[in-house]
Amino acid sequence: MKVLEHILRKLDEEKLHMTLVDPDKQDAEKAGELAGKAEELGTDAIMVGGSTGITQKKMDDTILAMKERVKIPVIIFPTSASAISAYADAIYFMSLLNSKSPVFLVRQQMIAAPYIKKMGIEPIPMGYIVIEPGMKVGEIGMAEPVPRDKIDMAVGYSLAAEFFGMKLVYLEAGSGAPEPVSGTMISAVKSEISIPLIVGGGIRNADAAENAIRAGADIVVTGTIVEESEDLEKSLGKIIEAVKS
Ligand code: 1GP
């Protein structure tokens, strides 16, 4: 079964959690261990990506180490066309909808598309919207981050993603954001779109994950907490429990 189909079928039954691992933050062996532990704790997929320092080799080694340990899908969460690994199960084929630069809207995608086809990786079309503060990805992606109180703007971008035919919408506050996307924004977007809504950035505990789910997120992504936590059962485990409860 294809990865998108698998995600959509699972969403019919429950909310999902995805674990983001940055290949630049640890060696491949450790990344593989993290993915294995996250799977044990009930995460539904591993996303692999980061804003800086990603090479083809790091991507390949990290994904290979993960694939040795986990059965859940391993999905590339790309920053550019330069580090796409043939070993992944799928790639979020995403456009940063509120970037000021065509590079992140469609040019990197133009460069990557033929490679993705040749490698036979499943592309999952996704609208990616950076919300304030946006953090590093906002800077690198030359985003005009949606202000936290401009709810209509977030709704407009999300609906535009759906009308373009994208299969998922991702509201991103940025990795390590001091505050996650607000519940008000999540519920406004959710009530207008009919494709699944992913929310990430700054979700560090079970309460924040529960808030996002209650507001209407279908998929919650956490990254920083996985890299920083010394007790994944207490941190990530509780977050996944909150998503699933
Ligand atoms: C970043 O949304 C993800 O792209 C995860 O953010 O690292 O803050 O969990 P955190």
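Before reading further, recall that the structure is shown in the block above.
Residues numbered from 1 in each chain as written. Predicted model: local features only at pLDDT ≥ 70, side-chain atom pairs only at ≥ 80, totals over all residues. Heavy atoms only, no water.

Novice: Kindly report on helix 6 (residues 151-164), identifying the contributing residues and their values.
Specialist: Think of an α-helix as 3.6 residues a turn; residues three or four steps apart then line up on the same face. Given a rise of 1.5 Å per residue, 14 residues ought to cover 20 Å, and the 20 Å separating the end C-alpha atoms of helix 6 matches this to within 8%. Of all the positions in helix 6, only I151, A154, V155, S158, L159, A161 and E162 are classed as buried. Across the axial projection of helix 6, the buried residues extend over an arc of 150°, all falling on one side. Turned more than 90 degrees off the buried face of helix 6, the exposed positions are D152, F163 and F164. (Helix = DSSP H or I, 4+ residues; strand = E, 2+ residues; numbered from the N terminus. Expected span 1.5 Å × (residues − 1). Buried < 20%, exposed > 50% of the residue type's maximum accessible area, 1.4 Å probe, protein only. Arc of directions from axis to C-beta.)

Novice: Let's hear about the pairing of strand 7 (residues 197-200): which residues, and what values?
Specialist: Residues in a regular strand point their side chains to alternate faces of the sheet. Burial of the side chains of strand 7 extends over both faces: L197 and V199 are buried on one face and I198 and G200 on the other. As paired elements, strand 6 (residues 168-172) and strand 7 share 4 bridges and run parallel to each other. If you follow E172 over to strand 7, its bridge partner there is G200. Read as a crossover between parallel neighbours, the route from strand 6 over helix 7 (residues 183-192) to strand 7 is right-handed. Remark: the strand 7/helix 8 (residues 206-215)/strand 8 (residues 219-222) crossover connection has right-handed handedness. (Pairing = 2+ DSSP bridges. Right-handed = clockwise from strand over helix to strand, strands pointing away.)

Novice: Account for the pattern of salt bridges, naming residues and giving values.
Specialist: Using the criterion set out here, one finds 17 salt bridges in the structure. Where K25 meets E227, a salt bridge forms, and the shortest distance between an N and an O atom there is 3.9 Å. Of this pair, K25 sits in the loop between strand 1 (16-21) and helix 2 (28-40) while E227 sits in helix 9 (residues 224-228), placing them 202 residues apart in sequence. Taking relative accessible area as the criterion, K25 reaches 56% and is therefore assigned exposed. (Salt bridge = Lys/Arg side-chain N within 4 Å of Asp/Glu carboxyl O.)

Novice: Break down the packing of helix 2 against helix 3 (residues 56-69) for me, citing the residues and quoting the values.
Specialist: Between helix 2 and helix 3, the shortest axis-to-axis distance is 8 Å and the interhelical angle comes to 40°. One element, helix 2, and the other, helix 3, form an angle in the oblique class. Here helix 2 runs over helix 3; the crossing is right-handed. Listed contacts from helix 3 to A28, E29, A31, G32, E33, A35 and E39 of helix 2 are D61, T62, A65, M66 and R69. (Axes fitted to C-alpha atoms, helices over the stretch in contact; angles between N-to-C directions. Parallel < 35°, antiparallel > 145°, perpendicular 65-115°, else oblique. Left-handed = near helix turned anticlockwise from the far one by under 90°. Contact = heavy atoms within 4.5 Å.)

Novice: Account for the site of the ligand, naming residues and giving values.
Specialist: Neighbouring the ligand are the residues L20, F77, Y170, E172, S175, G176, G200, G201, G202, T222, G223 and T224. Y170 has a polar side-chain atom sitting 2.8 Å from an oxygen atom of the ligand. Burial of the ligand by the surrounding chains reaches 96%, relative to a free accessible area of 310 Å². Of the residues contributing to the shell around the ligand, the split by class is 3 nonpolar, 8 polar and 1 charged. (Near = heavy atom within 4 Å. Polar contact = N/O pair within 3.5 Å; in protein donor to acceptor, adjacent residues only side chain to side chain. Areas by Shrake-Rupley, 256 points an atom, 1.4 Å probe, with all protein chains shown as cover. Nonpolar A, V, L, I, M, F, W, Y, C, P; charged D, E, K, R; others polar.)

Novice: Quick rundown of the sheet that holds strand 4 (residues 90-96)? Include the residues and the values.
Specialist: The 8 strands are arranged 1-2-3-4-5-6-7-8 in a closed barrel whose pairing can be described as parallel. Sheet twist, expressed as the average angle between the axes of neighbouring strands with direction ignored, equals 30°. Bridging between strand 5 (residues 122-130) and strand 6 involves 5 bridges; their strand directions are parallel. Considered in strand 6, the bridge of Y128 is made with Y170. With respect to the sheet, helix 7 is in contact with strand 6 and strand 7, its orientation differing from that of strand 7 by roughly 165°. Against the sheet, helix 10 (residues 236-244) contacts strand 1 and strand 8, and its axis sits at roughly 150° relative to strand 1.

Novice: Lay out the environment of D22 in plain terms, naming residues and giving numbers.
Specialist: You can see D22 is positioned in the loop between strand 1 and helix 2. The class of D22 is buried, set by a relative accessible area of 9%. Between the C-alpha atoms of D22 and T224, which are 202 residues apart in sequence, the distance is 9.1 Å. Filtering out sequence-adjacent residues up to four positions away, D22 remains in contact with G49, G50, I54 and E227.

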